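A look at the structure
Here are the chains, one letter per residue:
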Amino acid sequence: MSLTSYVTLGRSGLRVSPFTLGTMTFGEDHGWGSSPEESRDILAAYLDGGGNSVDTANIYTGGHSEVIVGDHLAANPGLRERIVLGTKFFWNLHPGDPNGGGPGRKAIIAQLEASLRRLRTDYVDIYWLHNFDPVTPVEETLRTLDDLVTAGKIRYVGFSDVPAWATAEAATIARFRGWSPIVALQLEYSLLERTGEGELIPMAQSLGMGVLPWGPLRSGFLSGKYGSDRAGRVDTTRDFAGMPTEEQYAVIDAVNELAAELGVAPASVALAWIQARPGVTSTLIGARRMAQLEANLAGLEVELDADQLAGLEAVSRPRLNFPAENNATFSRLAHNGGTTVDGRATPLAPLLAEGTRLW
Ligand SMILES: NC(=O)c1ccc[n+]([C@@H]2O[C@H](COP(=O)([O-])OP(=O)(O)OC[C@H]3O[C@@H](n4cnc5c(N)ncnc54)[C@H](OP(=O)(O)O)[C@@H]3O)[C@@H](O)[C@H]2O)c1
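What this report covers is the structure whose coordinates are included nearby. Just so it is clear, the model here is predicted, and its values are computed rather than measured.

1. Points about the pairing of strand S6 (residues 124-129)
- Of all the six residues making up S6, six are buried; the element is thus mostly covered by neighbouring parts of the structure.
- Pairing of strand S5 (residues 84-89) with S6 involves four bridges; the strand directions are parallel. Following the sheet pairing, glycine 86 is matched in S6 by isoleucine 126.
- For the segment spanning S5, helix H4 (residues 105-119) and S6, crossover handedness is right-handed.
- Pairing analysis gives five bridges linking S6 to strand S7 (residues 154-160), with the strands arranged parallel. When the bridges of S7 are listed, valine 124 appears paired with isoleucine 154.

Structural data, given as structure tokens:
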């Protein structure tokens, strides 16, 4: 597989690379990202390799990420048309202004206009609702997004980090109103965060949404920098932004061992695993340094065999919320044999012996 192995995004005609370049670390607003020059080099290297999908957000480095991407587009005529450019709205960049963020009509339009100015373009390809707002009526958000599609300012609609029930409700309303569908979904997903397999991913598969996992290395935990045998290991029960927990080290160690066996970087193994997961369209890769980009892109060339996948499954299998596991067990008991018309086998379940009690 390569960056030019383009795939359709959900139930749409848009084609994207199997890895989308995340730009959350572009810019030095908080003192931890990459300089504009290094960011530009990372972006250019991804695009030169045939990558066509770039992800940013109004909030990333306080708008600096969008400015860096926009400057690169302006300096490279013709590039804008070739790439699939996604940005997001939600976070309020105007302290004290209650309508400065969120998914209300006034706020969405103002946020899009500001993003377009920073990105130096007159449209975005995927406009993402960045997070869940339980207050704004979803009809208001969807109708506004549909108007923006009609106005030619956005091409497609995506939802990020919204509960499955709310996304499914929104998708159903959009479908029956004839509004632009939600064709893409972002969620945190990695070998260390698999709970989206309970509701979000089956929903995306069922409703025609292409999945773009973010945090595929769990902010670097799966990059090879960590391991129970490595310097700097600290025992702790803290999760995220701290050090890995004992449970996480079991997964991290398995990734490190498999990478050593294959002679590739641990990041490549973690990315190859996620890109092979059912429902995943394009994994969001983050790279703060050029060397990180190179190691991450190498993940496209790694193909894990059934034994290797089973080994990773054994250490990372998630405990899903009810009723996911209950459904997986009992759905086998509904049909006994046969296939679907497109050839998906319905596993042949042993018939329950007469008198068997389930509870
Ligand atoms: N929709 C959302 O809510 C949401 C949320 C988060 C991110 N995103 C998107 O998803 C993209 C990726 O997310 P993420 O940044 O969380 O991904 P990630 O891959 O889990 O973490 C990326 C970080 O890991 C480290 N890293 C990456 N590759 C490495 C390598 N090969 N070797 C060693 N360290 C490596 C770098 O941090 P250090 O160098 O500092 O260790 C890098 O900043 C973002 O850029 C953004 O576009 C979306």
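2. Remarks on the site of the ligand
- The environment of the ligand is formed by 27 residues, the closest being Asp55, Ser160, Asp161, Gln186 and Lys225.
- One nitrogen or oxygen atom from the side chain of aspartate 161 is found 2.7 Å from an oxygen atom belonging to the ligand.
- Proline 216 places a polar main-chain atom, nitrogen or oxygen, 3.5 Å from an oxygen atom of the ligand.
- When the ligand sits alone it has 900 Å² of accessible area, and the protein chains cover 88% of it.
- Sort the elements by how many residues they give to the shell around the ligand and helix H10 (residues 290-297) lands first, with three residues.
- Considered class by class, the residues forming the shell around the ligand number eight nonpolar, 13 polar and six charged.

3. Focus: the side chain of aspartate 133
- Here aspartate 133 lies in the loop between S6 and helix H5 (138-150).
- Buried within the structure, aspartate 133 lacks any salt-bridge partner; arginine 105 is the closest side chain of opposite charge, at an N-O distance of 14 Å.
- For aspartate 133, the side chain forms a polar contact with the main-chain nitrogen of valine 135, separated by 3.1 Å.
- A polar contact of 2.4 Å, which involves the side chain of aspartate 133, links it to the side chain of threonine 136.
- Sequence-distant contacts of aspartate 133, defined by excluding residues within four places in its chain, comprise Phe90 and Pro103.

4. Some thoughts on the pairing of S7
- Within S7, five of the seven residues are buried, which leaves the element mostly enclosed by the surrounding structure.
- Crossover handedness for the path S6 to H5 to S7: right-handed.
- The sheet contact formed by S7 and strand S8 (residues 182-188) spans four bridges and is parallel. Across the sheet, the residue bridging to valine 157 is isoleucine 182, located in S8.
- With helix H6 (residues 164-177) bridging S7 and its parallel neighbour S8, the resulting β-α-β unit is right-handed.

5. A closer look at helix H2 (residues 64-75)
- In this model H2 runs 16 Å from its N-terminal to its C-terminal C-alpha over twelve residues, within 8% of the 16 Å that 1.5 Å per residue would give.
- By the burial criterion, the buried members of H2 are Ser65, Glu66, Ile68, Val69, Gly70, His72 and Leu73.

6. Describing a negative patch on the surface
- On the surface, a cluster of negative charge is made up of Glu257, Glu261, Asp305 and Asp307.
- Relative to the helices and strands, aspartate 307 resides in helix H11 (residues 306-316).

7. Considering the sheet that holds S5
- Taken in spatial order, the eight strands line up as S9-S8-S7-S6-S5-S4-S3-S10 in an open sheet, and their pairing is parallel. Whereas interior strands pair on both sides, the edge strands pair on one side only; in this sheet they are strand S9 (210-214) and strand S10 (283-285). Ignoring strand direction, the axes of neighbouring strands in this sheet form an average angle of 30°.
- Relative to S10, strand S3 (residues 19-22) runs parallel, the two being bridged by three bridges. Of the residues in S10, the one forming a bridge with leucine 21 is isoleucine 285.
- Along the sheet face, H5 touches S5, S6, S7 and S8 and points at about 155° away from the line of S7.

8. Considering the packing of H6 against helix H7 (residues 200-207)
- The N-to-C vectors of H6 and H7 enclose an angle of 15°; their axes lie 10 Å apart at closest approach. Relative to H7, the element H6 lies roughly parallel. Note that H6 runs across H7; the crossing there is right-handed. Note on element contacts: H7 touches H6 through Leu200, Met203 and Leu207, opposite Ala164, Thr167, Ala168, Ala171 and Arg175.
- Grouping the amino acids of the contact of H6 with H7 by side-chain chemistry returns six nonpolar, one polar and one charged.

9. Focus: the packing of aromatic side chains
- Tallied over the full model, the rule gives five aromatic pairs.
- Measuring from centroid to centroid gives 5.9 Å for tyrosine 189 and tryptophan 273, while their planes differ by 65°, and the two rings are edge-to-face. Here tryptophan 273 lies in helix H9 (residues 266-275) and tyrosine 189 lies in the loop between S8 and H7, a separation of 84 residues in the sequence. Each member of the pair, tyrosine 189 together with tryptophan 273, is buried.
- The side chain of arginine 80 reaches across the aromatic face of tyrosine 123, ending 3.9 Å from its centre.
- When the ring centre of tyrosine 123 is taken as reference, the NZ or CZ atom of arginine 155 above it lies at 3.9 Å.

Each value, and the rule that gives it
Residues numbered from 1 in each chain as written. Predicted model: local features only at pLDDT ≥ 70, side-chain atom pairs only at ≥ 80, totals over all residues. Heavy atoms only, no water. Buried < 20%, exposed > 50% of the residue type's maximum accessible area, 1.4 Å probe, protein only. Helix = DSSP H or I, 4+ residues; strand = E, 2+ residues; numbered from the N terminus. Pairing = 2+ DSSP bridges. Right-handed = clockwise from strand over helix to strand, strands pointing away. Near = heavy atom within 4 Å. Polar contact = N/O pair within 3.5 Å; in protein donor to acceptor, adjacent residues only side chain to side chain. Areas by Shrake-Rupley, 256 points an atom, 1.4 Å probe, with all protein chains shown as cover. Nonpolar A, V, L, I, M, F, W, Y, C, P; charged D, E, K, R; others polar. Lys, Arg positive; Asp, Glu negative; His and termini not counted. Salt bridge = Lys/Arg side-chain N within 4 Å of Asp/Glu carboxyl O. Contact = heavy atoms within 4.5 Å. Expected span 1.5 Å × (residues − 1). Patch = residues over 30% accessible without salt bridge, like charges linked within 9 Å, V, L, I, M, F, W, Y side chains within 5 Å. Charge placed at Lys NZ, Arg CZ, Asp CG, Glu CD. Axes fitted to C-alpha atoms, helices over the stretch in contact; angles between N-to-C directions. Parallel < 35°, antiparallel > 145°, perpendicular 65-115°, else oblique. Left-handed = near helix turned anticlockwise from the far one by under 90°. Phe/Tyr/Trp six-rings, centres within 6.5 Å; stacked < 30°, edge-to-face > 60°. Lys NZ or Arg CZ within 6 Å of the ring centre and 35° of its normal.

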